[in-house]
Every structure is written in structure tokens, then in C-alpha cells.
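# Per-entry structural report
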Amino acid sequence: MKKKIIAVYCIDQFHRLVLEQEYDYIPRYIFALATECNVCNKEYRENISASIAFKKGKFTPVEGMMYKSCEDYSLKDAFLLPHSIKKEKSLYGKVLPVRIDAEIQSDSIHRKDYYDVNIRVSGPCKD
């Protein structure tokens, strides 16, 4: 199955990927069935992280790409590129794989899983 492009980003002068257009959303129940969703339960804990493959096959963790409010996963308007990415222009026009990892704990449930999508980098942000 081909991974969806969920969003298009540009790169600003502050070394950030800035959300230009969101095509699709991150499914609400990617790590638990709707019947298991206890997100607002005090006993429910979920750790989410995202990594982007800036180089083929090598995922680099990124911070602040997404957030979760109750049951919804949402993309932030902007997040910093990792310091290891020096040549921003090399990303222009590229489709980059993104891996979203989650670990869920709730009473007797403990699950680790991931979800793969793509983003596209259009180029420099227009001021």
C-alpha cells in the first residue's frame, strides 16, 4: 500500500518546517481500536514521537511535529529541523517518509506500534 502524503511544508529562515497545506489527517485510532480508546482516562498513558527519513532509510527523530488533544492527533504549524540537517535546499521538492511511534499503557494494556506517512517539502517559505 502506498503511503499517503498528509501535508506540504516549506522551510523558513529559522530552520523550521512550516505547514503550508494539510491534505489528510492522522487517523484518530491508529494505535487502538475505537472500543479501546481511553485517552481521557487518567490511567491511560501514551507516548508519541515522530521521525523523518531525510536520507534514504535513515530516520531522524524530530520534536514538536505533532500533538494530541484528547483523541485527536494534529500537526503543529511549524517545527524545527534537526541540527544535523545542514543543506535545507537539498530537501526542496522531496517527498519524505515519516514514522510516528507510539507506546500505550492503560491498566493491563501495553502496546507499541507505528504508523507510516509521507510529507512533501515545497521549498523556501514565501515571506
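Below or above, wherever it landed, is the structure these notes cover.

What counts, and where the lines are drawn
Residues numbered from 1 in each chain as written. Predicted model: local features only at pLDDT ≥ 70, side-chain atom pairs only at ≥ 80, totals over all residues. Heavy atoms only, no water. Helix = DSSP H or I, 4+ residues; strand = E, 2+ residues; numbered from the N terminus. Buried < 20%, exposed > 50% of the residue type's maximum accessible area, 1.4 Å probe, protein only. Contact = heavy atoms within 4.5 Å. Areas by Shrake-Rupley, 256 points an atom, 1.4 Å probe, with all protein chains shown as cover. Polar contact = N/O pair within 3.5 Å; in protein donor to acceptor, adjacent residues only side chain to side chain. Pairing = 2+ DSSP bridges. Axes fitted to C-alpha atoms, helices over the stretch in contact; angles between N-to-C directions. Phe/Tyr/Trp six-rings, centres within 6.5 Å; stacked < 30°, edge-to-face > 60°. Lys NZ or Arg CZ within 6 Å of the ring centre and 35° of its normal.

### Here we look at the overall build of the protein
Scanning the protein from N- to C-terminus turns up zero helices and nine strands. Looking at the protein residue by residue over its 127 residues, the buried ones come to 39%. Put simply, of all contacts in the protein between residues at least 6 apart along the chain, 61% involve residues at least 24 apart. Counting every atom, the protein has about 8200 Å² of accessible surface; 50% of that belongs to carbon and sulfur.

### As for the side chain of Asp12
Secondary-structure assignment places Asp12 in the loop between β1 (5-11) and β2 (16-22). Here Phe14 takes part through its backbone nitrogen, which lies 2.9 Å from a polar atom of the side chain of Asp12. For Asp12, the contacting residues outside a window of four places in its chain are Val18 and Cys125.

### Some details on the sheet that holds strand β7 (residues 78-80)
The strand order β4-β3-β8-β9-β1-β2-β7 describes an open sheet built from seven strands, whose pairing is mixed. The open sheet terminates on both sides in strands that have one partner only, identified here as β4 (58-62) and β7. Averaged over all adjacent pairs, the angle separating strand axes in this sheet is 35°, with direction ignored.

### Quick look at the environment of Lys76
Here Lys76 shows up in the loop between β6 (72-75) and β7. For the pair Lys76 and Met65, spaced eleven residues apart in sequence, the C-alpha separation works out to 5.6 Å. Sequence-distant contacts of Lys76, defined by excluding residues within four places in its chain, comprise Leu19, Gly64, Met65, Met66 and Tyr67.

### Regarding the packing of aromatic side chains
Enumeration according to the criterion identifies one aromatic pair in this entry. With 5.6 Å between their ring centres and 80° between their planes, Tyr9 and Phe79 make a pair best called edge-to-face. Residue Tyr9 is found in strand β1, and its partner Phe79 is found in strand β7; the two are separated by 70 residues along the sequence. In this arrangement the basic side chain of Arg99 is found over the ring face of Phe59, its NZ or CZ atom lying 5.6 Å from the centre.

### Side note on the pairing of β2
Where β1 lies against β2, five bridges are found, and the strand directions are antiparallel. If you follow Val8 over to β2, its bridge partner there is Gln21. Bridge count for β2 against β7 is three bridges, and the pairing is antiparallel. Among the inter-strand pairings, Arg16 is bridged to a residue of β7, identified as Leu80.

### Here's the deal with unusual backbone geometry
Even without being glycine, His15 reaches a positive phi, approximately 65°. Relative to the elements of secondary structure, His15 occurs in the loop between β1 and β2. On the basis of relative accessibility, which here comes to 19%, the residue His15 falls in the buried class.

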